[in-house]
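# Overview (structure and organization)
Take a look at the letters that make up each chain.
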Amino acid sequence: MTSLFSLCLLQYIRIGAVAQLRPHYYSETCSEAESVVRDVMKEALIREARSLASVMRFQFHDCFVNGCDASMLLDDTPTMLGEKLALANINSLRSYEVVDEAKEALEKVCPGVVSCADIIIMASRDAVALTGGPDWGVKLGRLDSLSASQEASDNVMPSPRANATFLIDLFAKFNLSAKDLVALSGSHSIGQARCFSIMFRLYNQSGTARPDPAIEPKFREKLNKLCPLNVDQNITGDLDATPVVFDNQYFKDLVSGSGFLNSDQTLFTFPETKGFVQQFSSDQEEFFKAFVEGMIKMGDLQVEQPGEVRRNCRVVNSHRPASANTCMSIEEMVNVCMKT
Ligand code: HEM
Ligand SMILES: *[C@@H]1O[C@H](CO)[C@@H](O)[C@H](O)[C@H]1NC(C)=O
Ligand SMILES: *[C@@H]1O[C@H](CO)[C@@H](O)[C@H](O)[C@H]1NC(C)=O
Ligand SMILES: *[C@@H]1O[C@H](CO)[C@@H](O)[C@H](O)[C@H]1NC(C)=O
Ligand SMILES: *[C@@H]1O[C@H](CO)[C@@H](O)[C@H](O)[C@H]1NC(C)=O
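Residues numbered from 1 in each chain as written. Chains lettered and ligands numbered in written order. Predicted model: local features only at pLDDT ≥ 70, side-chain atom pairs only at ≥ 80, totals over all residues. Heavy atoms only, no water.

## Digging into the coordination of the iron atom of ligand 1
In ideal tetrahedral geometry, four donors around a metal make angles of 109.5 degrees, whereas ideal octahedral geometry with six donors gives angles of 90 or 180 degrees. Only one protein atom coordinates the iron atom of ligand 1: H188 (NE2), located 2.1 Å from the metal. Here H188 is to be found in the loop between α8 (178-185) and β2 (192-194). (Donors = N, O, S within 2.8 Å, 3.2 Å for Na, K, Ca; no water. Helix = DSSP H or I, 4+ residues; strand = E, 2+ residues; numbered from the N terminus.)

In structure tokens form, the structure reads like this:
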């Protein structure tokens, strides 16, 4: 019993190895996993269409910060400043409760099996598929991190002021090409952003005290109305003209100078990325194909670190000392052994 027990504990927190991701990872241990997540996303769509965009964004904010490990879902603790209050996330990331719902539903059907990191990957795919975009098979088998870092997020996540050159260099650090950058930015085909993210662009682009000249004048009038100086900067506007449909309208908007964020419009104004914007604006299938490739590559990002399958996506499991006999009930132990 003792040896079985310590074996279990060893596998329970996997130390330092990078997980081998593969399709159908849960086919033996939780065959319903993907359909459970999709059902939760369908309900979310009915409740609030925007929440699908909000959840899809999680994949980007998770995978760019120490790999796809659900670190961004951890709440701050007295000893850990997590990512929720990081610059790119505070007052901005939302719909964490949709992931909680998926986790709760999964814990009912197969407790302790499906990682929060995998939930993010499945839910992001579902968000795209359920709003009219492509559907694809995802690789699974990620583990959840044991910690999170606000600083790590602040050091990596790009500002909406970023230009295409900066973004190309940033994405290259993650082995993502300029084409991947443009295709993945097409995720802004759904969802909204705050006035906060465009005030500088409307009134003081690059410190010029002038608006960004790349904004088409009629569209600028519209943005000025939505976000006048002194507006409540939490007010939101649509990221493209069809914000609940995943399509290539986003790229058509960029071509006509109607991109919402500076980081969007710059993809058309800079020669290094302009060709891809033009291509995707006239060929939705090409966009979908490149987008799926980009999402899969982004989903492959991992760093070597210890991991576990969290029971609650917001907190790490409490690991009781291995020396104590009472550290787990037999029932818990059997559960853990069967899952690993
Ligand atoms: C290329 C660099 C990117 C920048 C600079 C950027 C920046 C932003 C900003 C500033 C917002 C609005 C935040 C706010 O005002 O509260 C936003 C929203 C969003 N981003 Fe990005 N983003 C980028 C790439 C991506 C990627 C790669 C994805 C996913 C694959 C993504 C998905 C989304 C979605 C879906 C929303 C709307 C969320 C909602 O409605 O709640 N973004 N992004
Ligand atoms: C793009 O942004 C970077 C970083 O902010 C800046 O150094 C560079 O001058 C910008 N490039 C152009 C062409 O504006
Ligand atoms: C990018 O690819 C190289 C070569 O395959 C690899 O060594 C490196 O770890 C990758 N970087 C990331 C962030 O995945
Ligand atoms: C515009 O930006 C510049 C540089 O960032 C800053 O010095 C200036 O005060 C800003 N002007 C206004 C009106 O906010
Ligand atoms: C947005 O709302 C939050 C809390 O609801 C507040 O703390 C924050 O200051 C507001 N942000 C802006 C830019 O007005």
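## Examining the UniProt feature "active site" (unreviewed entry) in the chain
As recorded in UniProt, the sites labelled "active site" (unreviewed entry) are H61. In this fold, H61 is placed in helix α3 (residues 50-63). Discounting chain neighbours no more than four positions away, the residues touching H61 are M72, E83, A88, N89, L93 and M157. (UniProt positions renumbered as here; feature names shortened; annotations may be inferred. Contact = heavy atoms within 4.5 Å.)

## Concerning the domain arrangement of the chain
With domains assigned, the chain is organised as domain 1 (2-157 + 306-339) and domain 2 (164-298). Inter-centroid distance (C-alpha atoms) of domain 1 to domain 2 is 29 Å. Taken as a group, R50, F64 and W136 account for 30% of the area that domain 1 buries against domain 2, more than any other trio of residues on that side. Remark: the boundary between domain 1 and domain 2 carries zero salt bridges. On the surface where domain 1 and domain 2 come into contact, there are three residue pairs in polar contact (both at pLDDT 80 or more). Mapped by element, the contributors of at least two residues to the side of domain 1 that touches domain 2 are α3 and α5 (116-130). Top contributing element to the side of domain 1 that touches domain 2 by residue count: α3, with six residues. The residue inventory of the side of domain 1 that touches domain 2, partitioned by class, reads twelve nonpolar, eight polar and two charged. (Domains from an automatic or database assignment. Buried area = accessible area lost by both parts, 1.4 Å probe. Salt bridge = Lys/Arg side-chain N within 4 Å of Asp/Glu carboxyl O. Polar contact = N/O pair within 3.5 Å; in protein donor to acceptor, adjacent residues only side chain to side chain. Nonpolar A, V, L, I, M, F, W, Y, C, P; charged D, E, K, R; others polar.)

## Considerations on the state of the cysteines
All chains considered together, the criterion is met by four disulfides. Each disulfide pairs two cysteine sulfurs, and for C63 the partner residue is C68, the sulfurs being separated by 2.1 Å. Here C63 and C68 share a disulfide; its torsion about the S-S bond, 115°, makes the bridge right-handed. A residue is classified by how much of its surface remains accessible, and C63, at 1% relative accessible area, is buried. (Disulfide = S-S within 2.5 Å. Buried < 20%, exposed > 50% of the residue type's maximum accessible area, 1.4 Å probe, protein only.)

## Brief notes about unusual backbone geometry
Positioned with a positive phi, H24 is a non-glycine residue whose angle comes to about 60°. As for its position among the elements, H24 is in the loop between α1 (2-12) and α2 (33-47). Here the phi dihedral of A209 falls at roughly 60°; this positive angle occurs in a residue that is not glycine. Exposure remark for A209: the relative accessible area of 55% places this residue in the exposed category.

## A word on helix α7 (residues 164-172)
Since one α-helical turn is 3.6 residues long, residues separated by three or four positions face the same way. For α7, the complete set of buried residues consists of A164, L167, I168, L170 and F171. Seen end-on, α7 carries its buried residues on one side only, within an arc spanning 165°. The elements touched by buried residues of α7 are α3, α6 (150-156), α8, α12 (262-269) and α13 (271-282). You can read the cap of α7 off the contacts: a side-chain oxygen lies 3.2 Å from the backbone nitrogen of T165, and it is on N163. (Arc of directions from axis to C-beta.)

## Comments concerning the environment of L73
Here L73 lies in the loop between α3 and α4 (96-109). In this structure, the C-alpha to C-alpha distance between L73 and E83, residues ten residues apart in sequence, is 7.7 Å. Other than its neighbours up to four places away in sequence, L73 contacts F58, K84, Y96, V99, C116, I120, R310, C313 and R314.

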